[in-house]
Amino acid sequence: MKTRILMVCLGNICRSPLAEGILQSKTNPEKIFVDSAGTGGYHIGNMPDIRSIAVAQKYGIDIHQQKCRKFSPKDFENFDVIYAMDNSNYSNIIALAKNKEEISKVKLLLSEINIETKEVPDPYYDKDEGFEIVFQLIDKACEAIAKKL
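I will try to describe carefully the structure that is included in this document.

Each value, and the rule that gives it
- Residues numbered from 1 in each chain as written.
- Predicted model: local features only at pLDDT ≥ 70, side-chain atom pairs only at ≥ 80, totals over all residues.
- Heavy atoms only, no water.
- Core = buried A, V, L, I, M, F, W, Y, C linked by side-chain atoms within 4.5 Å.
- Buried < 20%, exposed > 50% of the residue type's maximum accessible area, 1.4 Å probe, protein only.
- Helix = DSSP H or I, 4+ residues; strand = E, 2+ residues; numbered from the N terminus.
- Contact = heavy atoms within 4.5 Å.
- Phe/Tyr/Trp six-rings, centres within 6.5 Å; stacked < 30°, edge-to-face > 60°.
- Lys NZ or Arg CZ within 6 Å of the ring centre and 35° of its normal.
- Pairing = 2+ DSSP bridges.
- Right-handed = clockwise from strand over helix to strand, strands pointing away.
- Expected span 1.5 Å × (residues − 1).
- Axes fitted to C-alpha atoms, helices over the stretch in contact; angles between N-to-C directions.

**Topic: the nonpolar core**
Line of reasoning, step 1. Counting 33 residues, the largest nonpolar core has Met 7, Leu 18, Leu 23, Met 85, Leu 109 and Ile 138 as its most contacted members.
Line of reasoning, step 2. Secondary-structure elements contributing two or more residues to this core are strand 1 (3–9), helix 1 (15–26), strand 2 (32–38), helix 2 (50–58), strand 3 (81–84) and helix 6 (128–148).
Line of reasoning, step 3. Examining the composition of this core, we find that nine residues originate from one element, helix 6, more than from any other.
Line of reasoning, step 4. With residues near it in sequence (within four places) discarded, Leu 109 still touches Met 7, Tyr 83, Ala 84, Met 85, Val 120, Ile 138, Ala 141 and Ile 145.
Line of reasoning, step 5. Phe 79, Ile 82, Ala 97 and Val 106 belong to the second largest nonpolar core, which has 12 residues in total.

**Overview of the packing of aromatic side chains**
Line of reasoning, step 1. What the rule picks out here adds up to four aromatic pairs.
Line of reasoning, step 2. When the centroid spacing of 6.2 Å and the interplanar angle of 25° are considered together, the rings of Phe 33 and Phe 79 count as stacked. In this pair, Phe 33 sits in strand 2 while Phe 79 sits in the loop between helix 3 (75–78) and strand 3, placing the two residues 46 residues apart along the sequence.
Line of reasoning, step 3. A residue is classified by how much of its surface remains accessible, and Phe 33, at 29% relative accessible area, is partly exposed.
Line of reasoning, step 4. On the basis of relative accessible area, Phe 79 is assigned to the buried category, the value being 2%.
Line of reasoning, step 5. Residues Tyr 59 and Phe 135 carry aromatic rings whose centres are separated by 4.3 Å and whose planes lie at 15° to one another, so their mutual orientation is stacked. Linking Tyr 59 in the loop between helix 2 and helix 3 with Phe 135 in helix 6, this pair joins segments that are 76 residues apart in sequence.
Line of reasoning, step 6. What makes Phe 135 buried here is its relative accessible area of 2%.
Line of reasoning, step 7. Sitting over the face of the ring of Phe 79, Arg 4 holds its NZ or CZ atom 5.2 Å from the ring centroid.
Line of reasoning, step 8. Above the ring of Tyr 124, the side-chain terminus of Arg 51 is found at 5.8 Å from the ring centroid.

**With respect to the pairing of strand 2**
Line of reasoning, step 1. Counting buried residues in strand 2 gives six out of seven residues, a clear majority hidden from the surface.
Line of reasoning, step 2. Where strand 1 lies against strand 2, seven bridges are found, and the strand directions are parallel. Residue Ile 5 lies in a different strand from strand 2, and its bridge partner there is Val 34.
Line of reasoning, step 3. In this view, the connection linking strand 1 to its parallel neighbour strand 2 by way of helix 1 has right-handed handedness.

**Regarding helix 1**
Line of reasoning, step 1. For helix 1, built from 12 residues, the straight-helix expectation of 16 Å at 1.5 Å per residue is met to within 8% by its first-to-last C-alpha distance of 17 Å.
Line of reasoning, step 2. With nine of its 12 residues buried, helix 1 lies for the most part within the structure.
Line of reasoning, step 3. Looking only at helix 1, the buried set comprises Arg 15, Ser 16, Pro 17, Leu 18, Ala 19, Glu 20, Gly 21, Ile 22 and Leu 23.
Line of reasoning, step 4. Buried residues in helix 1 make contact with strand 1, strand 2, helix 2, helix 4 (87–94) and helix 6.

**Points about the sheet that holds strand 3**
Line of reasoning, step 1. The four strands lie next to each other as 2-1-3-4, forming an open sheet whose pairing is parallel. Among the strands making up the open sheet, the edge pair consists of strand 2 and strand 4 (106–108). For this sheet, the mean angle separating the axes of adjacent strands, direction not counted, is 25°.
Line of reasoning, step 2. The strands touched by helix 4 are strand 1, strand 3 and strand 4; relative to strand 4, the strand with the most contacts, the crossing angle is about 175°.

Right, dumping it as structure tokens:
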């Protein structure tokens with residue numbers, strides 16, 4: 001049975017699509033299913049931010065086919081692990097949980113690596129270099145996750 005992992009940020013256009021694409025590139029799709037969602041429904045059905053697409057392409061990862069969707073309480077049933085990009089999204093996700101088992105599935109993505117910050121910054125209002133910084137943080141965390149799997 002496949003391990004199912006969900007990456008979650010606010011709008012599902014910058015950080016979580018990158019995390020989905022990066023982890024997919026590091027894992028076997030026959031064993032690991034990766035998806036992404038946003039806690040806000042601002043961009044449902046849209047493709048990721050062009051800056052996220054560009055930074056992913058720079059590293060040979062194609063995320064342009066992804067479509068933004070909103071996190072649903074059903075995701076607790078459908079996924080084994082849910083990674084939040086920051087504390088705000090973590091709080092928004094666990095607020096929808098029905099029990100401790102569902103809460104236990106939710107982690108901060110950067111808790112997987114030993115660095116001071118535990119939040120992936122939101123690059124949406126940033127310049128292009130913000131997307132590069134976010135890519136590198138997510139890549140390190142996804143490398144650690146892939147090694148554990």
